[in-house]
Amino acid sequence: MHRDYELHPTPPSTDDYLRLRAESGLSPRTPEQAAAALPGAWASCHVTHANGETVGMGRVLGDGGWYFHIVDMAVLPEHQGRGIGGAVMTALLQRIREAAPPGAFVTLLADPPGRPLYLKHGFTETAPDSIGMALTL
Ligand SMILES: CC(C)(COP(=O)(O)OP(=O)(O)OC[C@H]1O[C@@H](n2cnc3c(N)ncnc32)[C@H](O)[C@@H]1OP(=O)(O)O)[C@@H](O)C(=O)NCCC(=O)NCCS
């Protein structure tokens with residue numbers, strides 16, 4: 001990651017979270033959802049540019065034992081392709097390696113833009129043995 005960027009091992013602000021999701025093309029969320037989501041993560045990080053703007057983020061939901069789920073991987077379009085997503089993923093996986101007993105099972109739902117990044121970090125497809133399923137309430 002270029003030295004104009006700094007990685008912080010903390011969640012983005014609620015406003016930055018909502019902006020990063022919307023501007024990177026992820027489904028928009030409400031302030032109420034963000035307010036509950038951000039303190040509820042097992043680990044989070046965000047990336048700022050030297051100008052102070054928050055430009056990237058990623059979070060882990062987890063039980064601390066062996067189940068960990070990576071969510072909210074997002075980098076603003078004009079800052080993509082510069083290693084920010086890779087730095088976020090490296091930091092999140094490092095947190096899991098340091099804190100969890102051996103054998104941690106790390107999952108994510110891979111949208112097309114993230115797939116090359118996830119493959120590079122060692123993720124493999126679970127289908128056809130296990131397919132992702134979702135329910136929105
Ligand atoms: C997925 C995302 C977070 C990656 O962030 P990023 O900062 O662009 O990622 P990086 O620059 O670290 O690139 C990681 C890898 O992605 C691939 N990649 C990145 N930009 C690319 C481009 N323009 N063309 C092709 N591959 C590219 C490369 O494999 C790269 O690996 P490299 O280090 O060998 O070049 C970002 O593209 C994004 O926010 N996308 C929109 C939101 C989204 O779909 N998130 C994923 C939800 S599952």
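Residues numbered from 1 in each chain as written. Predicted model: local features only at pLDDT ≥ 70, side-chain atom pairs only at ≥ 80, totals over all residues. Heavy atoms only, no water.

A. The arrangement of the site of the ligand in detail. Among the 20 residues in the neighbourhood of the ligand, the closest are listed as Val 75, Gly 83, Gly 85, Gly 86 and Lys 120. One nitrogen or oxygen atom from the main chain of Gly 86 is found 2.7 Å from an oxygen atom belonging to the ligand. Contact with the protein chains covers 66% of the free accessible surface of the ligand, which is 930 Å². Every element with two or more residues in the shell around the ligand is listed here: strand S4 (67-75), helix H3 (84-99) and helix H4 (115-120). Considering every element that reaches the shell around the ligand, the biggest residue donor is H4, with four residues. Broken down by class, the residue content of the shell around the ligand amounts to ten nonpolar, seven polar and three charged. (Near = heavy atom within 4 Å. Polar contact = N/O pair within 3.5 Å; in protein donor to acceptor, adjacent residues only side chain to side chain. Areas by Shrake-Rupley, 256 points an atom, 1.4 Å probe, with all protein chains shown as cover. Helix = DSSP H or I, 4+ residues; strand = E, 2+ residues; numbered from the N terminus. Nonpolar A, V, L, I, M, F, W, Y, C, P; charged D, E, K, R; others polar.)

B. Representation of the sheet that holds strand S3 (residues 54-62). Spatially, the five strands line up as an open sheet ordered S1-S2-S3-S4-S5, and their pairing is mixed. Edge positions in the sheet fall to strand S1 (5-8) and strand S5 (105-107), since each has one partner strand and no second. The average undirected angle you get between the axes of adjacent strands in this sheet is 20°. Across three bridges, the pairing between S4 and S5 is parallel. From the neighbouring strand, His 69 faces S5, where its bridge partner is Thr 107. Together, S1, strand S2 (43-49), S3, S4 and S5 form the strand contacts of H3, whose direction differs from that of S4 by roughly 160°. (Pairing = 2+ DSSP bridges. Axes fitted to C-alpha atoms, helices over the stretch in contact; angles between N-to-C directions. Contact = heavy atoms within 4.5 Å.)

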